[in-house]
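Chain and residue survey
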Amino acid sequence: MADTTQPETPESGESAAQPSAPEAPAKQPKPPKPPKPSKDEKRAERLARQITAFAGSHGGAEGQIAHIGRGAVRIALIGADGEWGVLVAPSQDGARRAAEIAGLTLSDDFDGELAAKVRTGPYEWTRMAGIQLGGPGNPPAAAS
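These remarks concern the structure in this document. It should be emphasised that the depicted structure is a prediction, and the values quoted were computed from it without experimental measurement.

Attention now goes to helix α2 (residues 92-102). Buried within α2 we find G94, A95, A98 and A99. Mapping the buried residues of α2 onto a view down its axis gives an arc of 135°, with all of them on the same face. Along α2, the residues that are exposed and aim more than 90 degrees away from the buried face are D93 and E100. Structurally, α2 contributes buried residues whose contacts are with α1 (39-57), β1 (61-69), β2 (72-79), β3 (84-89) and β4 (105-107). One or two positions beyond α2, positive phi appears at G103, with a value near 75°.

If you trace the four strands from one edge of the open sheet to the other, you get β3-β2-β1-β4, paired in mixed fashion. Of all strands in the sheet, those with a lone pairing partner are β3 and β4, marking the two edges. This sheet shows a mean twist of 30° between the axes of neighbouring strands, independent of strand direction. Bridge analysis of β1 against β2 gives eight bridges, and the strand direction is antiparallel. Within the sheet, the bridge partner assigned to Q64 lies in β2 and is A76.

Linking β1 to β2, which pair antiparallel, is a turn of two residues; within it G71 sits at a positive phi near 70°. Here β1 runs beside β4; their pairing, made up of three bridges, is parallel. By the bridge assignment for β4, G63 is matched with L106.

A contiguous patch of positive charge on the surface is contributed by K30, K33, K36 and K42. Take K42: its relative accessible area is 48%, and that puts it in the partly exposed class.

This part takes up the side chain of Q64. By secondary structure assignment, the location of Q64 is in strand β1. The class of Q64 is buried, set by a relative accessible area of 6%. A polar contact of 3.0 Å, which involves the side chain of Q64, links it to the side chain of R74. Excluding its chain neighbours within four sequence positions, the residues that come into contact with Q64 are R74, I75, A76, L106, S107, D108, D109, F110 and L114.

Next up on the list: the pairing of β2. One face of the sheet, then the other: side chains in a regular strand alternate in exactly this way. Within β2, seven of the eight residues are buried, leaving the element largely enclosed by the surrounding structure. Looking at chain direction, β2 and β3 are connected through six bridges and run antiparallel. By the bridge assignment, V73 is partnered in β3 with A89. Count of turn residues in the β2/β3 antiparallel hairpin: four residues, of which G82 carries a positive phi of about 95°.

Calculation notes
- Residues numbered from 1 in each chain as written.
- Predicted model: local features only at pLDDT ≥ 70, side-chain atom pairs only at ≥ 80, totals over all residues.
- Heavy atoms only, no water.
- Buried < 20%, exposed > 50% of the residue type's maximum accessible area, 1.4 Å probe, protein only.
- Helix = DSSP H or I, 4+ residues; strand = E, 2+ residues; numbered from the N terminus.
- Arc of directions from axis to C-beta.
- Contact = heavy atoms within 4.5 Å.
- Pairing = 2+ DSSP bridges.
- Axes fitted to C-alpha atoms, helices over the stretch in contact; angles between N-to-C directions.
- Patch = residues over 30% accessible without salt bridge, like charges linked within 9 Å, V, L, I, M, F, W, Y side chains within 5 Å.
- Areas by Shrake-Rupley, 256 points an atom, 1.4 Å probe, with all protein chains shown as cover.
- Salt bridge = Lys/Arg side-chain N within 4 Å of Asp/Glu carboxyl O.
- Lys, Arg positive; Asp, Glu negative; His and termini not counted.
- Charge placed at Lys NZ, Arg CZ, Asp CG, Glu CD.
- Polar contact = N/O pair within 3.5 Å; in protein donor to acceptor, adjacent residues only side chain to side chain.

Next comes the structure, spelled out in structure tokens:
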């Protein structure tokens, strides 16, 4: 016949299990840290903050990106109020990424339509005309 032994039952409230040390809470694994942004991504984010600030103080903005030399790309910003500004990025990709982050509308060329939105002030007219018409020019170069 089969073994019919039954497990012993505790008598008078004794615990069947032996007392053990209190269990330590299980350690939860730390979630992995997100990868640090690259140097180029940090630059793009900084430029995007500047673009956003410009657009915010001028009722919106649009821009145009142009290569200006080795390791330099110009982001020309034209505010809705006609004010303009220029930022310089280290690469075409970085400039485009900054514009994308900031939500800046980009024009392919700085054509007549975009240029017509730019409002120039007395300073620009003095500098542009002054150099050619005998007005204040650039200061002389320092002697070396």
